[in-house]
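Survey of secondary and tertiary structure
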Amino acid sequence: MTKVPLRSDNFFKKACYFEASLILVAMLLGWIAHLNPFANIHFTFGSLLYGGVGTLPLFMMFLAMEKVQGHSVAQIRQFLLRTLGPSLHRYDWVGLLVLAAVAGISEEILFRGVIQPWLEVSWGLTAGLLLSNVLFGLVHSVTPLYSVLAGLVGIYLGVMMDIQGDRNLLTPIIIHALYDFLAFLALMRAYRSGLATQV
């Protein structure tokens, strides 16, 4: 696990480019698997409603974990503040919203738009949901606990994709992007608060 903060000078561009590149990965995998990564994105009132409301449980979990004093949780909190804090606090809410949107769109198109349905074809719905989110957790392996939590969040996002009966990728995209945005704001506030106490 790295202990070096991310360079803040080009952080925004590099983060956006990296996240956006995941869409190209999704398109390549979709071509290989004969799947259209964008096929299940439908703009409906229900997806907007479920996306907005569906963000609340995740963000409430995030806020609750800020109060937990356990070593594993504190390790995650300190890692995020140490690595993301120096970069995020330099941007206003618009920049954080753009970054969160790019991350939410690209990661959901890759994992819920291609990898999950691809695995479902071979292994069935339940196995596809679980296996795709084991992978989702592994690529977020900041710490062992963070990896587990990310996998559980991924399962939640996969379930929310089908919450209306008809599969709609827009719902987890909205949840993911809104959650990231709120988490970025909370991290930025916590980091700035820490700076203020050092003055």
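The model shown is predicted, which means the values in this text are computed figures rather than measured ones.

1. Let's talk about the UniProt feature "transmembrane region" (unreviewed entry) in the protein chain
- The feature "transmembrane region" (unreviewed entry), as annotated in UniProt, sits at residues 16-35, 41-63, 93-115, 145-163 and 169-188 in this numbering.
- End-to-end, the C-alpha atoms of residues 16-35 are 25 Å apart, and along that stretch the chain is 90% helix and 0% strand.
- Note that residues 93-115 is 100% helix and 0% strand, and that its end C-alpha atoms are spaced 31 Å apart.

2. Regarding the side chain of His-140
- Structurally, the position occupied by His-140 is in the loop between helix H6 (125-138) and helix H7 (144-161).
- Taking relative accessible area as the criterion, His-140 reaches 19% and is therefore assigned buried.
- Within the local environment of His-140, its side chain forms a polar contact with the side chain of Glu-107, the two groups lying 3.4 Å apart.
- Beyond its immediate chain neighbours, meaning those up to four positions away, His-140 contacts Glu-107, Tyr-146, Ser-147 and Ala-150.

3. A look at the packing of aromatic side chains
- Under the defined criterion, the tally for this structure stands at 3 aromatic pairs.
- Between the aromatic rings of Phe-59 and Phe-62, the centroid separation amounts to 5.9 Å while the plane-to-plane angle is 10°, which identifies the pairing as stacked. Note that Phe-59 and Phe-62 are positioned in helix H2 (residues 45-67) at a spacing of 3 residues, about one turn of the helix. Here Phe-59 and Phe-62 have matching classes, each one buried.
- Seen from their ring centres, Phe-111 and Phe-136 are 5.0 Å apart, and the 80° between their planes marks the pair as edge-to-face. Of the two residues, Phe-111 sits in helix H5 (residues 93-123) while Phe-136 sits in helix H6, which places them 25 residues apart along the sequence.
- With a relative accessible area of 6%, Phe-111 lands in the buried category.

4. Let's talk about H6
- The end-to-end C-alpha separation of H6 is 20 Å, in line with the 20 Å expected for 14 residues at 1.5 Å each.
- Burial in H6 covers these residues: Gly-128, Leu-129, Ser-132, Asn-133, Phe-136 and Gly-137. One side of H6 holds all its buried residues, which, seen down the axis, span an arc of 160°. For H6, the exposed residues lying more than 90 degrees away from the buried face are Val-134 and Leu-138.

Reading guide: rules and limits
- Residues numbered from 1 in each chain as written.
- Predicted model: local features only at pLDDT ≥ 70, side-chain atom pairs only at ≥ 80, totals over all residues.
- Heavy atoms only, no water.
- UniProt positions renumbered as here; feature names shortened; annotations may be inferred.
- Helix = DSSP H or I, 4+ residues; strand = E, 2+ residues; numbered from the N terminus.
- Buried < 20%, exposed > 50% of the residue type's maximum accessible area, 1.4 Å probe, protein only.
- Polar contact = N/O pair within 3.5 Å; in protein donor to acceptor, adjacent residues only side chain to side chain.
- Contact = heavy atoms within 4.5 Å.
- Phe/Tyr/Trp six-rings, centres within 6.5 Å; stacked < 30°, edge-to-face > 60°.
- Expected span 1.5 Å × (residues − 1).
- Arc of directions from axis to C-beta.

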